[in-house]
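So the chains spell out like this:
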Amino acid sequence: MVTRPGDTESSRVAERRADLQRRHALAKKHGLRTIFHFGSPFMWRNPETGEVKRNSSEAYNSNPPWFDTENPKVVEYETVLLKEFRKHFPDVDDILVYTYDQDAWQASQFSQSRLSRGIPLHERLPKYLKTLHKVWTEGREGHVMWWEPWELSAGQVLKCIPQLPRKDFGLMLHANIAEVQIANPVDVWFRNTCRMARNLGIPVVAEGFFGSATEEIQPLSFPTPRLVDEELIALTSVPGVVGVKEYFGVLPLVPDLNLDVFRARVKDPNTSTAGILDRITKRFGPAQPDMLRLLELLSESMQLFPWDASWYARLAGTADINHGWGGAAIRGQQVETPSWCSTRRAHFMKTDDQQSHPYLLENVQLRCELAVERLDEALSVTTILMPMLSEADRSLMEQIARDADRFRRVAKSYALHLRETNVARLLREDLEAGRPMIPRLLDEMKELLLA
């Protein structure tokens with residue numbers, strides 16, 4: 001968006017800045033506050049040479065790492081850019097800073113960094129955040145810096161918070177320590193963090209999925225309005241939460257029953273979930289009972305699916321339904337961050353790629369099967385509904401049915417592959433022990449492969 005004084009500016013930067021200024025003007029025209037979101041420190045720039053190498057291992061392997069905030073050259077680069085942004089965008093109200101992800105990273109005290117080795121992150125990061133905060137807020141009130149403590153362990157977050165600014169500063173928090181998950185909002189970390197922040201006078205905005213398009217099933221999309229309402233109630237009932245933010249983004253001009261529920265709940269915080277659902281489905285007239293049944297089945301399918309087994313569960317929307325002859329595995333390893341190596345390891349079952357115990361394979365298989373049962377029934381309801389709907393609603397229903405069927409096929413494929421793997425294990429163990437293979441298992445394997 002901006003260029004440091006004295007550096008040559010690319011046409012791309014000028015184009016992006018002009019585009020953001022147009023968008024900002026449009027937001028202000030309609031009376032909206034604006035938040036600029038970015039990651040800092042930028043991890044792909046060599047602070048010694050100024051060279052940018054995206055996705056380069058050099059960023060991690062240099063000593064110190066390129067993103068070490070104990071390096072004055074890193075801090076100088078980031079603060080000069082933020083000053084330039086403030087100069088070009090004086091009317092942007094707030095900023096939201098990620099210090100992990102969004103092309104930002106943090107040096108580990110367990111690395112070979114000559115600057116940060118042995119110095120806990122909670123002793124380094126608050127200093128950097130206060131530096132950014134001073135640059136953003138100095139000389140003007142009401143311009144808030146929000147911090148997203150993403151990828152930190154629960155302990156690190158809780159140790160950082162008492163050291164953070166109080167005035168014109170706030171926290172943006174995912175719905176739980178591991179991810180934004182529409183079916184799993186508010187865990188003990190979320191409650192502890194909000195309580196501590198409230199006691200210190202630091203506001204918290206909670207992030208959730210409130211539209212039908214979520215990161216979990218992208219690019220698929222189908223409504224689960226009960227989950228939206230339960231999520232919104234759960235998040236806003238935690239003391240310290242002053243607002244909510246859609247995490248993934250919404251398409252406000254596309255018909256969406258999830259957004260209908262969200263709008264209705266914001267306007268009416270006291271009605272029951274059943275009452276809200278009744279209100280948004282009244283327009284379907286005689287088809288309302290079937291529509292309510294469909295929405296409940298879709299909501300149940302999302303709740304039953306094993307999102308907590310692995311982060312990779314959220315690749316279901318793009319998964320290959322056909323599997324090979326290798327055994328099923330539940331992937332877990334992602335990246336080496338404090339959260340992945342600690343708190344996520346407890347929250348998610350898998351944060352490594354070692355072959356799972358048969359019981360874990362079975363657990364994921366059974367929950368996939370339960371989701372498939374709900375989706376089977378939901379798809380039968382869509383066929384009942386189709387002739388009862390208006391032309392516009394039929395188009396929406398066709399899209400819902402198409403995406404729900406795709407999700408059903410993926411879940412079914414996972415369940416089959418996982419069960420095949422466990423049955424093959426039992427058969428193989430019998431062969432290796434010189435025992436006859438159990439006929440029941442041979443018959444089941446044939447049925448699984450045919451399915």
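Above: the structure in question.
Treat the numbers as computed from the prediction; the structure is a model and nothing was measured. Per chain, the residues get numbers from 1 upward, laid out in the order the sequence is written. Local features in this predicted model are restricted to residues whose pLDDT is 70 or higher, and side-chain atom pairs enter the listing and the counts only when it is 80 or higher, whereas totals over whole chains, interfaces and linings include all residues. Note: side-chain values were computed over all heavy atoms of the structure, leaving out hydrogens and water.

Peer 1: So, the pairing of strand β6 (residues 241-246): which residues are in play, and what are the values?
Peer 2: Between any two strands, pairing holds if DSSP finds at least two bridges. Labels follow the DSSP assignment, with helices taken as runs of H or I lasting at least four residues and strands as runs of E lasting at least two, numbered in each case from the N terminus. In this structure, strand β5 (residues 204-208) lies alongside β6, joined through 5 bridges in parallel fashion. For A206, the partnering residue across the bridge sits in β6 and is V244. A clockwise course of the path from the first strand over the helix to the second, judged with the strands pointing away from the viewer, identifies a crossover as right-handed. For the segment spanning β5, helix α7 (residues 225-236) and β6, crossover handedness is right-handed.

Peer 1: I'd like a rundown of the nonpolar core, residues and numbers included.
Peer 2: Side-chain atoms within 4.5 Å link the members of a nonpolar core, which is a set of buried Ala, Val, Leu, Ile, Met, Phe, Trp, Tyr and Cys residues. Only protein chains enter the area calculation, which uses a 1.4 Å probe; residues under 20% of their type maximum are buried, those over 50% are exposed, and those in between are partly exposed. Ranked by internal contacts, the top residues of the largest apolar core, which has 108 residues, are W147, L171, F190, M291, F305 and F407. The element best represented in this core is helix α12 (residues 358-385), accounting for 11 residues. Ranked by size, the runner-up nonpolar core spans 6 residues in total, among them L416, V423, L441 and L448.

Peer 1: Mind laying out the environment of I161, listing which residues take part and the relevant values?
Peer 2: Position of I161 among the secondary structure elements: in the loop between α5 (154-160) and β4 (169-174). A relative accessible area of 0% means that I161 is categorised as buried. Between the alpha carbons of I161 and H347 there is a distance of 22 Å; along the sequence they are 186 residues apart. In this structure, I161 is in contact with R166, L171, T193, M196, A197, L200 and I202, ignoring residues within four places of it in sequence. Any two residues whose heavy atoms approach within 4.5 Å are treated as being in contact.

Peer 1: Explain a nonpolar patch on the surface residue by residue, including any values.
Peer 2: Side chains of L431, M437 and L442 sit close together on the surface and give an oily, nonpolar patch of about 240 Å² of accessible area. Here M437 is to be found in the loop between α13 (391-432) and α14 (439-450). Patches here: salt-bridge-free residues with over 30% relative accessible area, like charges joined within 9 Å, nonpolar side chains (Val, Leu, Ile, Met, Phe, Trp, Tyr) joined within 5 Å. For accessible areas, the Shrake-Rupley method is used with a probe of radius 1.4 Å. Any residue's cover is judged against the shown protein chains and nothing else. Salt bridges are identified by distance alone: a Lys or Arg side-chain nitrogen within 4 Å of an Asp or Glu carboxyl oxygen.

Peer 1: Mind laying out the sheet that holds β6, listing which residues take part and the relevant values?
Peer 2: Strand order across the open sheet formed by 6 strands is β1-β2-β3-β4-β5-β6, with parallel pairing between neighbours. This sheet does not close on itself; its edge strands, each paired only once, are β1 (35-39) and β6. Adjacent strand axes in the sheet meet at a mean angle of 25°, parallel and antiparallel pairs treated alike. As paired strands, strand β2 (residues 94-98) and strand β3 (residues 145-148) are joined by 4 bridges and run parallel to one another. Within β3, the position partnered with L96 by the bridge is W146. Lines fitted to the C-alpha atoms define the axes, with helices restricted to the stretch that makes contact. Angles between their N-to-C directions range from 0 to 180 degrees. Each of β2, β3 and β4 touches helix α4 (residues 121-137); the most contacted strand, β3, lies at about 150° to it.

Peer 1: How would you summarise the packing of aromatic side chains if you had to cite specific residues and measurements?
Peer 2: For Phe, Tyr and Trp, rings pair up if their centres lie within 6.5 Å, where Trp contributes its six-membered ring, and each pair is then called stacked (planes under 30 degrees apart), edge-to-face (over 60) or tilted (otherwise). Under the definition given, this model contains 17 aromatic pairs. Judged by centre distance (6.2 Å) and plane angle (90°), the ring pair of F209 and F248 falls under edge-to-face. With F209 in the loop between β5 and α7 and F248 in the loop between β6 and α8 (257-267), this residue pair connects regions lying 39 residues apart in the sequence. You can call F209 buried: its relative accessible area is 0%. For F248, a relative accessible area of 35% translates into the label partly exposed. One aromatic cluster in this structure is built from F36, F38, F85, F89 and W136. Above the plane of the ring of Y77 lies R45, whose end atom (NZ or CZ) is 3.7 Å from the centre. Whether a charge lies above a ring is judged from NZ of Lys or CZ of Arg, which has to be within 6 Å of the ring centre and within 35 degrees of the ring normal.

Peer 1: Can you break down the pattern of salt bridges residue by residue, with the values?
Peer 2: According to the stated counting rule, one finds 38 salt bridges in the structure shown. In this structure, E179 and R344 form a salt bridge, with 3.6 Å as the shortest nitrogen-oxygen distance. A residue pair is termed long-range when its members are at least 10 positions apart, and E179 in the loop between β4 and α6 (188-200) and R344 in helix α11 (residues 343-347) qualify at 165 residues. For the pair E179 and R344, one class covers both residues: buried. Here D308 makes a salt bridge to R367, at a shortest N to O gap of 2.6 Å. In this pair, D308 is assigned in the loop between α10 (288-304) and α11 and R367 in helix α12, connecting sequence segments 59 residues apart. Owing to a relative accessible area of 19%, R367 belongs among the buried residues under this scheme. When salt bridges with common partners are traced through the structure, they connect K28, R33, D93 and D94 into a single cluster.

By themselves, these observations are geometric and do not establish any function.
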